[in-house]
Each structure stands twice: as C-alpha cells, then as structure tokens.
Protein chains: 2
Amino acid sequence: MSIQMINSMDFEEFIDILGNIIENCPLIAATIWSQRPFKDLTDLKKHVFDFIEALPQSDEETESQSSWHRNNPNKGKEGILRCHPDIAGREFEQGTLTPQSQREQREAGLSDLSLEERRRLGHLNSAYKTRFGFPFVIAARLSDKATILKELERRLKNQPAQELSTALEEVLKICHLRLEDIRQSLEDPAKL
Amino acid sequence: MSIQMINSMDFEEFIDILGNIIENCPLIAATIWSQRPFKDLTDLKKHVFDFIEALPQSDEETESQSSWHRNNPNKGKEGILRCHPDIAGREFEQGTLTPQSQREQREAGLSDLSLEERRRLGHLNSAYKTRFGFPFVIAARLSDKATILKELERRLKNQPAQELSTALEEVLKICHLRLEDIRQSLEDPAKL
C-alpha cells in the first residue's frame, strides 16, 4: 500500500519524504526517483544500495597516490559517511541535527550522558575521525549509550578498509529503519 | 593563498564552508575532500565536475525501460538538478532556502515580482518540471527577472537531452560563483 503512494509521488514530494533516508544526502533520493515504479520497499532500498555501490572508492593501500588520483576521481563512500554527524556531538546538544538523527541519538539515551561519558565519547570521536577521515556512524536506535561507547572503542582498532565497510553497513541499517518509519507514517498518518 | 587555507581544513570545516557549492549536495564536497591538496580553485572545481561527470546517466530515448533499468542503476545528473529549489518558489518567499540560494534569487530581483510575473513564473516552473522531471535551474546572479522569465520560456522548448546539459552548465556557473565568494571571504574575512 505505501509503495503505491511512494510510486505516485512527484519528485518534490519524494525528496520531502525520502530525502533523508541517507543522512544529508538528498541526492540519492533525488536520483532513484527516476527508477520508479518500485516493486516494494526492498526494491527501493536496492536502488539506494546500488547508487552507493556505484560510487567509486579508492584503494590507497595498493595504489600510489598519483595513480589513485588519476584513476579514482572520487571516493563517494567515505563522502557519504562524512555527511553524518558526530554521535553526541555539539549539533546534537544544540538540537540542530536533522529531525531523524536528533531522534535516533535521543532514543539511544545520548541526551543523558554523565560528564565522564561525554568526555570519553568526545575523545574517542576525535581519535576515530583522525584515524579514518570520517565520523563514527552507528545505527543508534539499535543500541544504547554503553554499547555505543564499547563499539566506538572496538571499531577504532579496525583496519581502514574493514572499518569503511562496517560503517557503511550501519548507514544501510539506518536507512532501513528510516524507511520503516516512513512506511508506518504513510499507512497510519496519525503516527507522525 | 585561499587554496592553502582550504587544503589545510579538516573534513568538517571543509564541508561547513564548501558543502553547498553544489546546492544541497554536501556529498560532493565530502567526497572531493579526499583529493586534497588542490593546486588551485580551478583544480578543486575540476574534481567537482569529475564527480558529477562520473554519475551515470540513462539514455531513455535509445534504450528500453527494462535494459535501462538494469544497466543504469542511477541517474545522478538529474538527481543533482532535483536538489535545486524552484526559482521564486514558495521556499524563496518563506526565506527557507539555503543562504546562498536565498541571496542569489534576491539579487536577481525575484523578491520584487508583480502579481502577473509571479503567476507567469509559477505556471512556467510547473510546466518545466512536468516536461523534464527536474526544476528550472539558472545562475540567477548572472541574470535578472526579465531574462529569467525569457530563458525559462525558451528552454522549456528544448529537447530533454539538450536541456539536461544546459541546466548542468548553469549548476557549474553557480558553483563557480559560490567558490569565488568563498575565496573572497577567506582572503578578506570582513566581507562575509
């Protein structure tokens, strides 16, 4: 039922409603709109994943900087991660995240950190960004503050290629949950 | 001078400052950050253009829907256009555009439309979106309201492939002007 409503949207409605299924990347919804009609939400998700998959990724470990520079005009997967906010960062505290992120971080209990937890998270977030060149992304709604801290500490030790793929899996989990919310709100508008 | 400042930015600063050089597509700045150091702004712009060029585009006129569907997982160039706002649309009137777009449309005299101009623009915008599946994009700062109306009327008659390429040229002109503003503000912070 909701897929028919989605398939009948013009691009403006589509971007209004689905523009943030990948955080701060309305380009993705704006692009896959051309692929309607979608069979179902799984099919729609597949187009999102295909878009992300089609974004070139450099392999700095095996190529020299100069050949990489020539052969890989962009590193879109890391770009997608960089469009995500810090976990419990300043924007979350100021309430200026996208509504979806604000809610997800709040529901994970991140508005309820002790001074010590806040300090530790700030320190780990910044070590993570220095090491990988993108912020720590996790599907906060599937987690809680203790697990988030533990995961951040654990993933900080990953190799860069492994961590890029772990982080992208989290992006896809977030996308899945946001699509579920959209499905529910289309089927029962009173819920939103 | 400003290119050294840009090259020394971490990804968060870079996205803060350059995130909107392509309207509502921070993914592009977030991606090309990996390609630092840039030789100069022309080199930086080349990376933006390469990113856009690397986004697949379908050719519906020569391929069947099903083969297109399989072979072209995304139509990113049209997606970029769809991230742009209407010229003198509701968001402009409400002042909720990005600061850059708001200023560009204001400076083109679009806050100063007669009732008849507003009606005509609304009608043409909507005919354009129906015909092409993306909004009318023009580098407003290089134009004025009379020329914008004339251009919208003229481009509405273009063939879709021709119009896609015309519209993307406008995106690149806008990007160029926004980068010039950034350069000036970095060299003389008092200007912003």
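Quick caveat: nothing in here was measured; it's all calculated off a predicted structure.

(A) Expanded view of the overall build of chain A. Scanning chain A from N- to C-terminus turns up eleven helices and zero strands. Reading the helices (α) and strands (β) of chain A from amino to carboxyl end gives α-α-α-α-α-α-α-α-α-α-α. For chain A, with 192 residues in total, the buried portion stands at 53%. Across chain A, the fraction of contacts at a sequence separation of at least 24, relative to all contacts at a separation of at least 6, is 65%. With the model as given, the accessible surface of chain A reaches about 9,100 Å², and the carbon-plus-sulfur share is 50%.

(B) Summary view of the packing of helix H8 (residues 99-107) of chain A against helix H11 (residues 160-187) of chain A. Residues and elements named next belong to chain A. Packing of H8 against H11 leaves a shortest axis separation of 12 Å and a crossing angle of 105 degrees. Comparing the axis directions of H8 and H11 gives the class roughly perpendicular. Contact with H8, carried on its side by Gln100, Ser101, Arg103 and Glu104, involves Ile174, Arg178 and Asp181 of H11 and no other residues of that element. Each residue belonging to the contact of H8 with H11 can be placed in one class, and the counts come to one nonpolar, two polar and four charged.

(C) Representation of a negative patch on the surface. Judged by side-chain charge, Asp10, Glu13 and Asp16 of chain A together with Glu91 of chain B come together as a negatively charged surface patch. Position of glutamate 91 of chain B among the secondary structure elements: in helix H7 (residues 90-94).

(D) Local environment of the interface of chain A and chain B. With 35 residues of chain A at the interface, the matching set in chain B holds 35 residues. For the pairing of chain A and chain B, the buried interface totals around 2,800 Å² over both sides, and the portion due to carbon and sulfur atoms is 65%. When the area that chain A buries against chain B is broken down by residue, the three leading residues are Phe11, Leu27 and Arg82 of chain A, summing to 23%. On the surface where chain A and chain B come into contact, there are two salt bridges. In this structure, glutamate 12 of chain A and lysine 129 of chain B form a salt bridge, with 2.8 Å as the shortest nitrogen-oxygen distance. Summed over the shared surface of chain A and chain B, the number is six residue pairs in polar contact (both at pLDDT 80 or more). Mapped by element, the contributors of at least two residues to the side of chain A that touches chain B are helix H2 (11-18), helix H3 (26-32), helix H4 (41-54), helix H5 (65-71) and helix H6 (76-82) of chain A.

(E) Structural detail: the side chain of threonine 98 of chain B. The topology assignment puts threonine 98 of chain B in the loop between H7 and helix H8 (99-107). Non-local contacts of threonine 98 of chain B, meaning those with residues more than four positions away in its chain, are made with Asn20, Glu23 and Asn24 of chain B.

(F) Structural context of the state of the cysteines. All names here are of chain A. Scanning the entire structure with this criterion turns up zero disulfides over all chains. Distance from the sulfur of cysteine 25, which forms no disulfide, to the nearest cysteine sulfur (cysteine 83) is 4.0 Å. Looking at cysteine 25, the relative accessible area reads 2%, which means it is buried.

(G) Representation of the confidence of the model for chain A in the model. Averaged over chain A, the pLDDT score is 90; the fraction of residues at 70 or greater is 89%. Scored below 50 in pLDDT, residues 59-73 of chain A makes 19 contacts in the model with residues more than four places away or belonging to other chains.

(H) Focus on the side chain of arginine 155 of chain A. All names here are of chain A. If you trace the backbone, arginine 155 turns up in helix H10 (residues 145-155). The exposure class of arginine 155 is buried, given its relative accessible area of 0%. Beyond its immediate sequence surroundings of up to four residues, arginine 155 is in contact with Tyr128, Phe132, Phe136, Val137, Ile138, Glu163, Thr166, Ala167 and Glu170.

(I) Fine view of the packing of aromatic side chains. Enumeration over the complete set of coordinates arrives at twelve aromatic pairs over all chains. Seen in terms of ring centroids, tyrosine 128 of chain B and phenylalanine 134 of chain B are 6.0 Å apart; in terms of plane orientation they differ by 70 degrees. Their pairing is edge-to-face. Three or more aromatic residues link up through ring pairs in this structure, and these residues are Tyr128, Phe132, Phe134 and Phe136 of chain A. A cation over a ring is seen here: arginine 36 of chain A above tryptophan 33 of chain A, with NZ or CZ 3.8 Å from the ring centre. When the ring centre of phenylalanine 11 of chain A is taken as reference, the NZ or CZ atom of arginine 82 of chain B above it lies at 6.0 Å.

(J) Main features of the relation of the copies chain A and chain B. Taken as rigid bodies, chain A and chain B are interconverted by a rotation of 180 degrees and an axial shift of 0.0 Å, the fit giving an RMSD of 0.0 Å. Taken together, these values place the two copies in the relation of a two-fold axis. Considering only C-alpha atoms, the part of chain A nearest the rotation axis is cysteine 25 of chain A, at 3.3 Å. Both copies present the same face, since 97% of the interface residues in chain A are matched by interface residues at the equivalent positions in chain B.

(K) Looking closely at the environment of serine 143 of chain B. All names here are of chain B. Following the sequence through the fold, serine 143 ends up in the loop between helix H9 (115-132) and helix H10 (145-155). The buried category is assigned to serine 143, whose relative accessible area is 16%. Between the alpha carbons of serine 143 and glutamate 104 there is a distance of 9.7 Å; along the sequence they are 39 residues apart. The residues contacting serine 143, other than those within four sequence positions of it, are Ala108, Ile138 and Ile148.

What counts, and at which threshold
Residue positions within a chain follow its written sequence, with the count starting from 1. Labels follow written order: the first chain is A, the first ligand is 1, and so on. Per-residue local features of the predicted model are confined to residues with pLDDT of at least 70, and side-chain atom pairs are confined, for both listing and counting, to 80 or more; whole-chain, interface and lining totals are unaffected and use all residues. Computation of side-chain values covers all heavy atoms of the structure but excludes hydrogens and water. Think of it this way: any DSSP run of H or I at least four residues long counts as a helix, any run of E at least two long counts as a strand, and we number them from the N terminus. Under the scheme applied here, a residue whose accessible area is under 20% of the maximum for its type counts as buried, over 50% as exposed, and between as partly exposed, the area being computed with a 1.4 Å probe on protein chains only. Only heavy atoms enter the contact rule, under which two residues are in contact if any of them lie within 4.5 Å. Working definition of accessibility: Shrake-Rupley area with a 1.4 Å probe, residue cover restricted to the visible protein chains. Interaxial angle, 0 to 180 degrees, is taken between N-to-C directions of lines fitted to C-alpha atoms, where a helix line uses only the stretch in contact. Our angle categories are set so that under 35 degrees counts as roughly parallel, over 145 as roughly antiparallel, 65 to 115 as roughly perpendicular, and the remainder as oblique. Put simply, Ala, Val, Leu, Ile, Met, Phe, Trp, Tyr, Cys and Pro go in the nonpolar bin, Asp, Glu, Lys and Arg in the charged bin, and everything else, Gly too, in the polar bin. Only residues whose relative accessible area exceeds 30% and that form no salt bridge are eligible for patches; like-charged ones are grouped when within 9 Å, while nonpolar side chains (Val, Leu, Ile, Met, Phe, Trp, Tyr) are grouped when within 5 Å. For this analysis, a salt bridge means a side-chain nitrogen from Lys or Arg found within 4 Å of a carboxyl oxygen belonging to Asp or Glu. His residues and chain termini do not enter the charge count, which takes Lys and Arg as positive and Asp and Glu as negative. By convention, the charge on Lys lies at NZ, on Arg at CZ, on Asp at CG and on Glu at CD. Two parts lose some accessible area (1.4 Å probe) when they are put together, and adding that loss for both gives the buried area. Two N or O atoms count as a polar contact when they lie within 3.5 Å, although within protein this holds only if one can serve as hydrogen donor and the other as acceptor, and sequence-adjacent residues are included solely when both atoms are side-chain atoms. For the purposes of this analysis, a disulfide is any pair of cysteine sulfur atoms at a distance within 2.5 Å. A score from 0 to 100, pLDDT tells how confident the predictor is in each residue. Classification of ring pairs rests on two measures: the distance between centres of Phe, Tyr or Trp rings, Trp counted by its six-membered ring, which must be within 6.5 Å, and the angle between planes, read as stacked under 30 degrees, edge-to-face over 60 and tilted in between. Any Lys NZ or Arg CZ found within 6 Å of a ring centre and within 35 degrees of that ring's normal is scored as a charge over the ring. Our superposition of the copies is a least-squares fit, built on the C-alpha atoms of residues whose pLDDT is at least 70 in both.

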